[in-house]
Every structure is written in structure tokens, then in C-alpha cells.
Amino acid sequence: MEFVVEDEPDPSDIELLEDEIRVVASAISGLGDERELAVFVREDGRIRAGITGWTWGDACEMQSLWVAPDLRGQGLGTRLLALAADEARTRGCTQIVCFTYDFQGPELYERLGFEVLARVENFPSGNTAFWMRLPLS
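Described below are features of the structure shown in this document. Remember, predicted model here, so these are calculated numbers, not experimental data.

**Looking at the pairing of strand S5 (residues 115–121)**
Pairing of S5 with strand S6 (residues 128–135), which is carried by six bridges, proceeds in the antiparallel orientation. Bridge pairing in S6 places Ala 118 opposite Trp 131. In textbook terms, the turn of a hairpin is the stretch between consecutive antiparallel strands, and for S5 and S6 this stretch comprises six residues, one of which, Asn 122, has a positive phi near 55 degrees.

Written out as C-alpha cells, the structure reads:
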């Protein structure tokens, strides 16, 4: 056996690890399989904005929210989060969690009802990271 440190791992190797973790977690928890969740804004076949995450049992995690720079400030992020929350509710989720940074606009999440669960200063240096949660009713 050998240990190899890689700074550009093959995406399929990362996917293998994530898949194996999901299999074990699903079997042990009894919550069923994780399901991907994505909402995209497309224009002429190109993705111009989107949000991705997953649902598992009664939980949802939003992992990526992006809006093209020329479309920012038009409420697309709010609409994407609302549609993702609606789908999470449909899937039986009772909460959404997300991880974000101070430079990514945590104020948007707070305006939509997310609460800050944890804040990590200087992660990375000069920045603040937040774990946030939105209870779904």
C-alpha cells in the first residue's frame, strides 16, 4: 500500500469516495439514499445561474449558489433559494443548511430567514465562514 498526496485528484476518485460514504451512511442511518437537488436558470442553452445541493431523509444541504455577474441584483438568488426550498419541502425536508463566506453575501440568506449556527473567523485568513440553517415549515 502507498499513500499519495494529490493536489489535482481525478474527479472520479473523489466521486468514488463520496459514493462509498453515502452507501455506508444510508445503510447505518436508515434514512434512504441521498438525492441531488439542482435548480438552474438557462439562457440560450447556457447556465446563467443555479443552486445545487442534496436531500437526505428530512434534511437538505445547499452547496453552491451562483449567479452570472451581469444578472446579479435582480432577485435570481432569492428565487433560486425559494424554488430549492419548495422542492426540499416536497421531499419531506424540515430544514436546509448551507456553508458560506462573508464575501458571498450571507445577508441574502439572513433576509430569507436563515439563522447563523456557527461562525469561524479567519477561515481562511481575513475572511469569515458561516454555517447557516433555515427551518422549513
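Still more to cover.
**Regarding the sheet that holds strand S1 (residues 35–43)**
Pairing between the strands of a sheet is mediated by backbone hydrogen bonds and can be parallel or antiparallel. If you walk across this open sheet you meet the six strands as S1-S2-S3-S4-S6-S5, and the pairing is mixed. Strands at the two margins of the open sheet, each flanked by one partner only, are S1 and S5. Sheet twist, expressed as the mean angle between neighbouring strand axes with direction ignored, is 20 degrees. Helix-sheet contacts for helix H2 (residues 76–90) involve S1, strand S2 (46–56), strand S3 (59–67) and strand S4 (95–101), and the interaxial angle to S3 is about 160 degrees.

**Quick notes on unusual backbone geometry**
The omega torsion of the bond from Phe 123 to Pro 124 falls at -15 degrees, within 30 degrees of zero and hence cis. Looking at the secondary structure, you find Pro 124 in the loop between S5 and S6. Despite not being glycine, Asp 44 has its phi angle at roughly 55 degrees, a positive value. Within the element layout of this structure, Asp 44 appears in the loop between S1 and S2.

**Description of the packing of aromatic side chains**
Inspection of every chain in the model, using the stated rule, returns five aromatic pairs. Measuring from ring centre to ring centre gives 5.5 Å for Phe 99 and Trp 131, while their planes differ by 65 degrees; the resulting arrangement is edge-to-face. Taken together, the positions of Phe 99 in strand S4 and Trp 131 in strand S6 put the pair 32 residues apart, joining distant regions of the chain. When its relative accessible area of 31% is taken as the criterion, Phe 99 is described as partly exposed. In this structure Trp 131 comes out as partly exposed when scored by relative accessible area, which is 36%. A ring pair is formed by Tyr 109 and Phe 114, whose centres lie 5.2 Å apart and whose planes are at 80 degrees; its orientation type is edge-to-face. Tyr 109 sits in the buried class, given a relative accessible area of 7%. Taking the relative accessible area as the measure of exposure, Phe 114 reaches 6% and is therefore buried.

Calculation rules
Residues numbered from 1 in each chain as written. Predicted model: local features only at pLDDT ≥ 70, side-chain atom pairs only at ≥ 80, totals over all residues. Heavy atoms only, no water. Pairing = 2+ DSSP bridges. Helix = DSSP H or I, 4+ residues; strand = E, 2+ residues; numbered from the N terminus. Axes fitted to C-alpha atoms, helices over the stretch in contact; angles between N-to-C directions. Contact = heavy atoms within 4.5 Å. Phe/Tyr/Trp six-rings, centres within 6.5 Å; stacked < 30°, edge-to-face > 60°. Buried < 20%, exposed > 50% of the residue type's maximum accessible area, 1.4 Å probe, protein only.

What is shown is where atoms sit, not what they do.
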